[in-house]
Amino acid sequence: MVSTFRPSPRMSSSLPEAGSSKPNKGKTPLIGVLAMQGAFAEHLTALKRVGARTRQVRTREDLDGLDGIVLPGGESTTMTMLLERTGLLGPLREANSGGLATLATCAGMIVLAREVVDGMSDQPGLGLLDIGVRRNGYGRQVDSFEAALDVKELGGKSFPGVFIRAPLVESTGAVEVIARHDGHPVAVRQGRIVALCFHPELTDDLRLHREFVRLAGESE
């Protein structure tokens, strides 16, 4: 696993606009981070560094009043089982469907995907993101790597993509691909959902978190 990264410059930039969203001026966005399993602490730190208010999400009540939510990396099967067991799966799906800004990384992307090609037949998921993914498609933990990525609309210097047991996007439907690696999509956007195969929270480059907070601060 990569443990040391060089920080990238903090840059003012914009991901593609989310439909007819308009700035919600004067409000500091409240971003929830699903905190049941996986690497949620690093996301909380990054979000605080870019000025967001944060909340750990473990129950359906924790969804109340959020402007956005992060579904972190971890183990997708365990994550979906815990979501179902705590009664959070349905309310989270409803919130995402209703336009709650969502950033999903690695396992979070798998939980959102409409198809997990190597998943269990009875494995629950949100099924909201129009992609098909293969779990651990880039290899096991020992195959972790970092790649310089050109992320659409970030501009300037490439983004340091950290891939750890990352899902491989094998098919796409109604999503916009905003970054590729070796010809495969590694970052996609669908409405107010941004999903990444890699881990931006494990770098010192805060551009993607900053832009997600900006997106969450916009009303639909």
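See the structure above.
Per chain, residues are indexed from 1 in the order of the written sequence. Only residues with pLDDT of at least 70 get local features here, since the model is predicted, and only at 80 or more are side-chain atom pairs given and counted; chain-wide, interface and lining totals rely on the full set of residues. No hydrogens and no water enter the side-chain calculation; it runs on all heavy atoms of the structure.

A. Here's a closer look at the overall build of the chain. Counting from the N terminus, the helices are the DSSP runs of H or I reaching at least four residues and the strands are the DSSP runs of E reaching at least two. Along its length, the chain carries five helices and 14 strands. Taking the intrachain contacts of the chain between residues at least 6 apart in sequence as the baseline, contacts between residues at least 24 apart amount to 71%. Note that accessible areas follow from Shrake-Rupley with a 1.4 Å probe, and for residues the cover is restricted to the protein chains shown. If you sum the accessible surface of the chain, you get close to 9500 Å²; carbon and sulfur atoms cover 46% of it. What makes two residues a contact is simply this: any of their non-hydrogen atoms within 4.5 Å.

B. Local environment of the packing of aromatic side chains. Only rings of Phe, Tyr and Trp enter the pairing, Trp through its six-membered ring, and a pair is recorded when the two centres are within 6.5 Å. The plane angle decides the type: under 30 degrees is stacked, over 60 is edge-to-face, the rest tilted. Inspection of every chain in the model, using the stated rule, returns three aromatic pairs. Relative to Phe163, the ring of Phe145 has its centre 4.7 Å away and its plane inclined at 5°; by these criteria the two rings are stacked. Of this pair, Phe145 sits in strand 8 (residues 145-149) while Phe163 sits in strand 9 (residues 159-163), and the two are 18 residues apart along the sequence. Where Phe163 meets Phe198, the ring centres are 5.8 Å apart and the plane angle is 45°; that geometry is what we call tilted. You can see Phe163 sitting in strand 9 and its partner Phe198 sitting in the loop between strand 13 (193-196) and helix 5 (207-216), a full 35 residues away along the chain. Grouping residues by exposure puts Phe163 and Phe198 together as buried. Among the aromatic side chains, those forming a connected cluster through ring pairs are Phe145, Phe159, Phe163 and Phe198. A simple rule labels every residue: compare its accessible area, found with a 1.4 Å probe on the protein chains alone, to the largest value its type can have, and call it buried under 20%, exposed over 50%, or partly exposed in between.

C. Focus on unusual backbone geometry. For Cys106, which is not glycine, the phi dihedral falls at a positive 55°. For Cys106, the location among the structural elements is in the loop between strand 5 (101-105) and helix 4 (107-112). At Arg165, a position not held by glycine, the phi torsion is positive, near 50°. Position of Arg165 relative to the elements: it lies in the loop between strand 9 and strand 10 (168-172). Among the residues examined, Arg165 registers a relative accessible area of 34% and is labelled partly exposed.

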